Amino acid sequence: MLLLRALLRRRRPPLPAPISAAGFFTSSGCDALAPPPPPPPLPRPPPAAEGSRDEPGQQEDSLARRVERAASVCAAMRGWMADGRAVHRGHVFHAVNRLRRHRLHRTALQVMEWIIRERPYKLSELDYSYLLEFTAKVHGISEAESLFLRVPQEYQKELLYNNLVMAALDLGLIKHSYAYMRKMRELSLPISPYVYNRMIVLHSSPGRRKTISKFLSQMKADRVTPHTSTYNILLKIQANEHNIDGVARVFNDMKRAKIEPNEITYGILAIAHAVARLYTVCQTYVEAIENSMTGTNWSTLEILLILYGYLGKEKELKRTWEIMQGLPHIRSKSFILAIEAFGKVGSIDQAEKIWVNINSTKKLSLTEQFNSILSVYCRHGVVDKATAVFKEMRASGCEPNAITYRHLALGCLKSGLVKEALDTMDMGKKEVVTKKVRSSTPWLETTHMLLENFAEIGDLENAKRVYGELSESKYCRNSFVYNTLLKGYVKAKVYEPDLLRTMILRGAMPDAETYSLVRLIEQFKI
């Protein structure tokens with residue numbers, strides 16, 4: 001705290017006296033801290049110097065890969081220069097960003113320490129900001145504050161202050177970040193919208209969400225223009241709550257602010273409407289994604305896999321998967337999403353081909369991998385194949401989780417094996433089901449399919465039981481969920497009063513189908 005006070009007392013930091021490189025930097029050999037939250041977005045790194053022989057990330061033998069493979073950062077740099085290559089800014093920043101993605105913070109810190117010590121090019125504020133970021137991640141905020149005080153005055157500007165705020169937020173030190181922001185206002189330094197993005201994310205839990213409006217007001221007071229990513233975060237918060245009205249409200253605010261949506265924006269909007277089964281609106285946003293796509297971004301292609309699965313567009317799904325297969329590297333997650341999407345459009349054969357491909361080229365070590373093909377078989381009632389996959393899963397050492405048993409219960413129910421379905425659901429109860437799992441889309445949608453099947457056979461008791469599990473989440477805000485339960489009443493020919501009132505109290509709004517079902521249920525009134 002003494003360092004913090006010293007930092008905040010100064011109006012203009014004095015030029016530091018020259019000091020030796022050894023005394024300027026701390027060693028990277030201390031005990032690692034617990035992993036901090038995901039890293040903040042930083043400015044795009046500048047390109048490598050014109051005429052350089054190696055474009056960042058374009059070659060297998062890039063500086064980034066050398067640093068990852070070498071025994072030490074110094075050895076990687078010496079080997080690079082021994083090959084007659086200069087260390088350019090673009091190479092370094094590509095390496096650092098790659099190390100950040102892989103959470104190799106200590107190695108990234110060592111890279112930046114080498115850069116500041118050896119000075120292979122003219123240093124900039126961004127070099128020192130990266131050094132500050134990774135010092136905070138590895139050694140904590142006190143060491144970062146100490147480093148800040150020793151950075152030459154000409155670099156103690158907007159970017160460095162913003163990174164200091166972000167470093168404090170990443171470590172959950174909200175009061176420290178407020179103090180740094182006050183200092184920035186005193187110095188008339190602009191605060192980055194990414195700082196407010198991080199504030200919003202940190203306060204996105206239900207108990208703290210009321211403070212988000214205060215951050216948005218403070219942004220306005222600080223004359224900080226919200227970034228597209230700011231609205232994407234706000235949209236995602238509403239989408240996670242299954243609040244379609246809230247999603248529409250945030251998107252309207254975005255349009256009024258004249259902030260241009262990007263692929264991520266349209267992806268959030270499309271998936272939110274797909275989960276809510278508003279497929280016509282979803283299709284509109286899918287077209288917007290297709291029109292705004294720039295190149296072959298794997299994350300956008302993954303979103304399209306999900307959306308084409310929801311919309312039942314097999315032709316477009318195949319085309320997208322073919323594009324992804326042409327990429328230099330396909331993530332394990334992409335295979336999982338493709339299998340699930342082909343299952344949704346009813347293309348079991350294609351899902352099986354991808355599964356065989358994974359089985360032959362990759363080690364199956366994740367429960368999610370087995371769950372993906374199980375979801376395909378169980379969705380279509382192919383119990384014999386699902387059973388074989390389950391046995392393979394056990395033999396490989398992968399432990400089934402709650403979602404695994406939910407898929408298997410659905411498969412049994414689809415095949416008319418009601419008793420086996422109920423027994424499987426009971427087995428799933430022995431697994432730990434966290435709040436995160438209960439709010440996940442696979443859990444919610446599979447549970448809803450169980451509700452649909454119980455309703456179809458008129459098993460009202462078990463339909464109510466399954467609906468009770470769904471009612472613990474905000475998924476029940478979607479009117480079709482409660483309508484499914486009402487179909488169970490119709491099939492079982494059972495009347496119950498106050499169904500509409502119960503629906504409204506649980507946060508769902510009745511639609512035309514709801515009123516039609518209620519009228520049918522009233523016929524069974526004695």
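All values reported here derive from a predicted model rather than from experimental measurement.

## Brief notes about the confidence of the model for the protein
Part 1 of the reasoning: Residues of the protein with pLDDT of at least 70 account for 89%, and the chain-wide mean is 85.
Part 2 of the reasoning: Across residues 7-59 the pLDDT falls below 50, and counting only partners more than four positions away or on other chains, this stretch makes 117 contacts in the model.

## Side note on the nonpolar core
Part 1 of the reasoning: Core analysis: the largest hydrophobic core is formed by 156 residues, its most contacted members being Val92, Val111, Met112, Ile115 and Trp321.
Part 2 of the reasoning: Setting aside its immediate chain neighbours within four residues, Trp321 contacts Leu305, Ile330, Ser334, Phe335, Ala338, Phe342, Gln350 and Ile354.

## A closer look at the UniProt feature "repeat: PPR" (unreviewed entry) in the protein
Part 1 of the reasoning: With numbering matched to this structure, UniProt assigns "repeat: PPR" (unreviewed entry) to residues 227-261 and 366-400.
Part 2 of the reasoning: Between the first and last C-alpha atoms of residues 227-261 the distance is 10 Å; the span itself is 74% helix and 0% strand.
Part 3 of the reasoning: Segment residues 366-400 splits into 74% helix and 0% strand. End C-alpha atoms: 10 Å apart.

## Focus: unusual backbone geometry
Part 1 of the reasoning: In this structure, Arg223 is a non-glycine residue whose phi angle is positive, near 60 degrees.
Part 2 of the reasoning: With respect to the helices, strands and loops of the structure, Arg223 is situated in the loop between α12 (212-221) and α13 (228-240).
Part 3 of the reasoning: Given the relative accessible area of 78%, Arg223 is considered exposed.

## With respect to the environment of Asp423
Part 1 of the reasoning: With respect to the helices and strands, the residue Asp423 is situated in helix α24 (residues 418-428).
Part 2 of the reasoning: Given the relative accessible area of 37%, Asp423 is considered partly exposed.
Part 3 of the reasoning: Along the sequence, Asp423 and Tyr405 sit 18 residues apart, while their C-alpha atoms lie 9.8 Å from each other.

## A closer look at the packing of aromatic side chains
Part 1 of the reasoning: Tallied over the entire structure, the rule returns 10 aromatic pairs.
Part 2 of the reasoning: Aromatic pair Phe93 and Tyr130: ring centres 5.0 Å apart, planes at 80 degrees, arrangement edge-to-face. Of this pair, Phe93 sits in helix α5 (residues 89-101) while Tyr130 sits in helix α7 (residues 125-139); the two residues are 37 residues apart in sequence, bridging distant segments of the chain.
Part 3 of the reasoning: On the numbers, 5.5 Å between centres and 65 degrees between planes, the contact of Trp355 with Phe370 is edge-to-face.

Conventions we followed
- Residues numbered from 1 in each chain as written.
- Predicted model: local features only at pLDDT ≥ 70, side-chain atom pairs only at ≥ 80, totals over all residues.
- Heavy atoms only, no water.
- pLDDT = per-residue confidence, 0-100.
- Contact = heavy atoms within 4.5 Å.
- Core = buried A, V, L, I, M, F, W, Y, C linked by side-chain atoms within 4.5 Å.
- Buried < 20%, exposed > 50% of the residue type's maximum accessible area, 1.4 Å probe, protein only.
- UniProt positions renumbered as here; feature names shortened; annotations may be inferred.
- Helix = DSSP H or I, 4+ residues; strand = E, 2+ residues; numbered from the N terminus.
- Phe/Tyr/Trp six-rings, centres within 6.5 Å; stacked < 30°, edge-to-face > 60°.

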